[in-house]
Amino acid sequence: MRLRRKAVDIVVDDDEGTRMRGSSARTDVALADPDVVEADLALSNVEYALAHGDGNGNGNGKRKAKTKTTADEVAEIHWLAPGDDVIAPLAPRVGNPGLLGEMLIARGLVSREQVDHALAEQVASGKRLGTQLVELGALSERQLVEIVAEQLGSQVADLRQLVPEDDAVARFPEDMARAYEVVPVRYVDGSLEVAIGETLSDEMRATLEAATGCPIVTLLAPPSEIRRAIDQAYMALDGVEQQVRAFEDFASTRKRVASETLLVVDEQAPVVQVVTMLLTQAVREGASDIHIEPQDGSVRIRLRIDGVLRDISHLPDSMAQALISRLKVMADMNIVERRRPQDGQIQTVIDDRPLDIRVATTSTIWGEKAVLRILDKTRSLRTLATLGMTPKTSSEFSKLISSPFGMVICAGPTGSGKTTSLYAAIKEINTPDRNITTIEDPVEYVMEDINQIQVNEQAGITFANGLKSILRQDPDVILVGEVRDVETARIAVQSALTGHLVLSSLHATDAATALQRLRDMGIEPFLITSAVTAVMSQRLLRKICSACREQYEPSVAERAYFEERTGTTKAAFWRGAGCNVCTHSGYSGRVGIYELLPVTEPIKELIVNDAGYEELRAMAVSEGMSTLRDEAFRLIDQDVTTIAEVIRTIYVG
């Protein structure tokens, strides 16, 4: 086979397995039989499997085939007459020849039905076959990369363990790494090894070599691992020391009062750059909160990732007030008031992702402390099916929220996923014939076709009076973000009694405690039994990282702890060893555990008779309630989480 091409790298397979791969221009391909194919391709994600001739046994006919691309453009393949001019021999392909789909089927990684399904979806999406299989869940990214590497005779970079070397990172511009999704790995013998998700076109290779000034050697790696490695190699906080020095130089010469406004408003000011770096680093690491805490001699910066706080930086205490003032300016807060707690909101964009950041400040003995809650507007809402409920709990909860009236409470501490569960419930029951209205503080995610109200105490909108106004809006379903006081609780209960479905969250340790809290707020037992239909308590447990999971022998105390509380033994226990994927924590992602307590007649009788916590809990368990402890140890038994994580997250006395 011979090739004439213009800076392109198109994938072309014939029956004998000859292949080229490419991206974006015009290529003339000559098959050895000696038919010539002229292909005009718009995008790199189109694959062509070509047979000899025109499909009817003729070697010199003309045929035209169309394949839809992601740009809704059409790539046309023309069969031309023999003898057309061709130039430049194509280097023989190294590796195992064969079509990708056939190789995957032969190795038992996918079924033929899955390949056929992916091919059908490919017509509409224009994506590569392998990418389509990954998105359909038939194949993992790593399995795809390994089979493609074998097909092309390339090496695979394991970015789960491999850390990019500083010398290599210094030679490769960050903007280019992010634009092309290429991560430098190491610099060896005058060549730069880079990891990429697909083979490089000649044009792209030339661009990278011109930018780095050295030959490029490519390795293959899953795209998600490449993006993660780029974020870890090019830390947003890498330049913070330079900005700190610039701030201290300026602070030593400025007049404090006259220059403070300029210091926190000028976009090029060092403190402004530091705040931007902090926000960027938090977003890239998937943090839910940023803690800025003044201490004796320094300012500690911590991120909450997967529910756990981690130190990421310590800044000089001279920056403390300037950092807080900058955040106040961004959140439209009073920068002069430093003794009273304040709340504000920042709307910004980081890495092309729109963010809603809630800022809360309070005064400590070392100065003002700030906590930033990061809400990523690009995150999609979860459904009940993806929350991690058992089939039994999910079925019962779906029936409860489908009721036309009553009150369903989601209970748990801060950060236990209550709001996510409430949003999933709303998404489940949202239909055109229902008027659903919410009152929240804050409105974490904007939902289509839902009337959402933001609490604003300065404007006189509280949970209590906001709920009163909602009742005049002819609602069918009301979501109360949180029951914080007796007035809100009483109005919510009365709403449930007057024919509305009320969904709400409540801070409590478990389901039985939530019922006790309502009674402690002053809600009469007969009102609780009439209005509340169920309480669901929940927690979020970190999952063992799938990239570095390993079998281990737990300590005698851990094994005894598990066996004493479950009454069973377990042959093998698993944990995360720590890798780049999980930032060496051993955990990646979280899963919910739930205990659902329906308010049945026996439970109602206990509430009316002023029964205690233990009696309520015992009755619920006797009626089949699976407790948080039961669910947590079920996940240990299924090797989803660890004993240490269960002890850290829930009380299981």
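Structure: above.
Residues numbered from 1 in each chain as written. Predicted model: local features only at pLDDT ≥ 70, side-chain atom pairs only at ≥ 80, totals over all residues. Heavy atoms only, no water.

Participant: I'd love a proper account of the sheet that holds strand 16 (residues 353-364), names of residues and values included.
Facilitator: Ordered in space as 14-13-12-17-16-15, the 6 strands form an open sheet in which the pairing is antiparallel. The open sheet terminates on both sides in strands that have one partner only, identified here as strand 14 (308-316) and strand 15 (342-350). On average, adjacent strands in this sheet sit at an angle of 20° to one another, irrespective of strand direction. For strand 13 (residues 298-305) and strand 14, the ladder comprises 8 bridges, and the chain directions are antiparallel. The residue bridging Arg300 from the neighbouring strand is His314, located in strand 14. Helix 12 (residues 320-330) rests against strand 12 (289-295), strand 13, strand 14, strand 15, strand 16 and strand 17 (367-376) of the sheet, and its axis sits at about 45° to strand 17. (Pairing = 2+ DSSP bridges. Helix = DSSP H or I, 4+ residues; strand = E, 2+ residues; numbered from the N terminus. Axes fitted to C-alpha atoms, helices over the stretch in contact; angles between N-to-C directions. Contact = heavy atoms within 4.5 Å.)

Participant: So what's going on with the packing of aromatic side chains? Residues and values would help.
Facilitator: For the coordinates displayed, the defined rule picks out 4 aromatic pairs. Both rings, one in Tyr423 and one in Tyr445, keep their centres 5.9 Å apart while their planes meet at 75°; by these two values the pair is edge-to-face. Pair noted here: Tyr423 is in helix 14 (residues 418-429) and Tyr445 is in the loop between strand 19 (436-440) and strand 20 (451-454), with a separation of 22 residues, a long-range link. An angle of 90° between the planes, with centres 5.5 Å apart, marks the rings of Phe562 and Phe573 as edge-to-face. Of this pair, Phe562 sits in helix 19 (residues 556-566) while Phe573 is found in strand 25 (residues 573-576), placing the two residues 11 residues apart along the sequence. What makes Phe562 buried here is its relative accessible area of 1%. Residue Phe573 is classed as buried on the basis of its relative accessible area, which comes to 3%. A network of ring pairs unites the aromatic residues Tyr561, Phe562, Phe573 and Phe633 as a single cluster. The ring of Tyr587 has Arg542 sitting right over it, with the charged end atom 4.1 Å from the ring centre. (Phe/Tyr/Trp six-rings, centres within 6.5 Å; stacked < 30°, edge-to-face > 60°. Buried < 20%, exposed > 50% of the residue type's maximum accessible area, 1.4 Å probe, protein only. Lys NZ or Arg CZ within 6 Å of the ring centre and 35° of its normal.)

Participant: Mind laying out helix 13 (residues 391-401), listing which residues take part and the relevant values?
Facilitator: Here helix 13 has its buried residues at Thr393, Ser394, Phe397, Ser398, Leu400 and Ile401. Relative to the axis of helix 13, the buried residues are bounded by an arc of 160° and lie together on one face. Opposite the packed face of helix 13, turned more than 90 degrees from it, sit the exposed residues Pro391 and Lys399. Close packing links the buried residues of helix 13 with strand 18 (406-411), helix 14, strand 22 (501-506), strand 23 (532-544) and strand 26 (587-598). (Arc of directions from axis to C-beta.)

Participant: Requested: an account of the side chain of Ser398, with residues and values cited.
Facilitator: Position of Ser398 among the secondary structure elements: in helix 13. Residue Ser398 is classed as buried on the basis of its relative accessible area, which comes to 17%. The residues contacting Ser398, other than those within four sequence positions of it, are Leu384 and Glu428.

Participant: Could you give me a rundown of the environment of Ala572, with the residues and numbers involved?
Facilitator: Structurally, the position occupied by Ala572 is in the loop between helix 19 and strand 25. Measuring from C-alpha to C-alpha, the distance between Ala572 and Gln551 comes to 6.7 Å, with 21 residues separating the pair along the chain.

Participant: So, the packing of helix 17 (residues 511-520) against helix 21 (residues 613-622): which residues are in play, and what are the values?
Facilitator: Two elements in contact, helix 17 and helix 21, have axes whose closest approach is 9 Å; the angle formed by their N-to-C orientations is 135°. Relative to helix 21, helix 17 is oriented oblique. Between helix 17 and helix 21 lies a crossing whose hand is right-handed. Contacts between helix 17 and helix 21 pair Ala512, Thr513 and Gln516 from the former with Tyr613, Leu616 and Arg617 from the latter. Split by residue class, the contact of helix 17 with helix 21 holds 3 nonpolar, 2 polar and 1 charged. (Parallel < 35°, antiparallel > 145°, perpendicular 65-115°, else oblique. Left-handed = near helix turned anticlockwise from the far one by under 90°. Nonpolar A, V, L, I, M, F, W, Y, C, P; charged D, E, K, R; others polar.)

Participant: If you had to explain the packing of helix 19 against helix 22 (residues 628-637) to someone new, which residues and values would you point to?
Facilitator: Two measures define how a pair of helices packs: the angle their axes make with one another and the distance between the axes. Between helix 19 and helix 22, the shortest axis-to-axis distance is 11 Å and the interhelical angle comes to 125°. Classed by the angle they form, the pair helix 19 and helix 22 counts as oblique. The interaxial crossing formed by helix 19 with helix 22 has left-handed handedness. For the pair formed by helix 19 and helix 22, the contact residues are Tyr561, Phe562, Arg565 and Thr566 on the first element and Arg629, Phe633, Ile636 and Asp637 on the second. Across the contact of helix 19 with helix 22, the residue classes tally to 4 nonpolar, 1 polar and 3 charged.

Participant: I'd like a rundown of the nonpolar core, residues and numbers included.
Facilitator: Judged by nonpolar contacts, the single largest core of 43 residues is most densely connected at Leu133, Leu159 and Phe172. The contacts of Phe172, once residues within four sequence positions are left out, are Ala177, Val182, Pro184, Leu192, Val194, Leu208, Thr212 and Tyr234. Membership of the second largest hydrophobic core comes to 41 residues, among which are Phe463, Ile470, Ile478 and Leu606. (Core = buried A, V, L, I, M, F, W, Y, C linked by side-chain atoms within 4.5 Å.)

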